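Here is how the chains run, residue by residue.
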Amino acid sequence: YVYAFNTNMSGSASGGEDLHMYNSDGDFLIVPQQEALWIQTEIGRLTVAPGEICVIPRGIVFTVNILNPENTAEDGSFARGYMLEIFR
């Protein structure tokens, strides 16, 4: 998959609540291409810069945010990258 977003999952739902997701089918491989990501999982926090990779294991609840959202708000840019679902 190719992803692109400019709004964080934390506090972005109506009422300011956090949005979370998980994948019960396989692992997620996330590769940011533009803008660093801040990923919060139930087992810790990850900062993933463009060119680095992140693997979220199957069944782990997580939320994804742009590391520096003020950068995207100023110039109208967005976070972009690739996400692959890995089946075993």
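Visitor: What exactly am I supposed to notice about the overall build of the protein here?
Guide: Tallying secondary structure elements over the protein gives one helix and seven strands in all. By residue count, 36% of the 88 residues in the protein fall in the buried class. Excluding contacts between residues fewer than 6 apart, the proportion of contacts in the protein whose partners are at least 24 apart in sequence is 66%. In the form shown here, the protein has an accessible surface area of approximately 5,300 Å², with 53% of it arising from carbon and sulfur atoms.

Visitor: Could you clarify how one ought to interpret the sheet that holds strand 7 (residues 79-86) in this entry?
Guide: Hydrogen bonding along the main chain pairs the strands of a sheet, whether they run parallel or antiparallel. Read from one edge to the other, the open sheet built from four strands follows the order 1-7-2-5, with strand pairing classed as antiparallel. The strands lining the two open edges of the sheet, one partner per strand, are strand 1 (2-5) and strand 5 (54-56). Put simply, the sheet's adjacent strands are angled 30° from each other on average, direction ignored.

Visitor: How do you make sense of the side chain of D27 when you look at a structure like this?
Guide: When you line up the elements, D27 lands in strand 2 (residues 27-34). Residue D27 is classed as buried on the basis of its relative accessible area of 7%. One polar contact links the side chain of D27 to the main-chain amide nitrogen of R58, over a distance of 2.7 Å. Among all residues touching D27, those that are not within four sequence positions of it are V55, I56, P57, R58, L84, E85, I86 and R88.

Visitor: When you look at the side chain of N65 in this model, what are you seeing that I'm missing?
Guide: Here N65 shows up in strand 6 (residues 62-66). Within the structure, N65 has its side chain in polar contact with the backbone nitrogen of M9 (distance 3.1 Å). Excluding residues within four positions of it along the chain, N65 makes contact with F5, N8, M9, S10, A36, L37 and W38.

Visitor: Got a minute to help me understand the nonpolar core in this structure?
Guide: Core analysis: the biggest nonpolar cluster contains 16 residues, and F5, I30, L37, I39, I56 and V64 have the highest contact counts within it. In terms of residue count, the dominant contributor to this core is strand 6 (three residues). Excluding residues within four positions of it along the chain, V64 makes contact with F5, N8, M9, L37, W38 and I39.

What counts as what
Residues numbered from 1 in each chain as written. Predicted model: local features only at pLDDT ≥ 70, side-chain atom pairs only at ≥ 80, totals over all residues. Heavy atoms only, no water. Helix = DSSP H or I, 4+ residues; strand = E, 2+ residues; numbered from the N terminus. Buried < 20%, exposed > 50% of the residue type's maximum accessible area, 1.4 Å probe, protein only. Contact = heavy atoms within 4.5 Å. Areas by Shrake-Rupley, 256 points an atom, 1.4 Å probe, with all protein chains shown as cover. Pairing = 2+ DSSP bridges. Axes fitted to C-alpha atoms, helices over the stretch in contact; angles between N-to-C directions. Polar contact = N/O pair within 3.5 Å; in protein donor to acceptor, adjacent residues only side chain to side chain. Core = buried A, V, L, I, M, F, W, Y, C linked by side-chain atoms within 4.5 Å.

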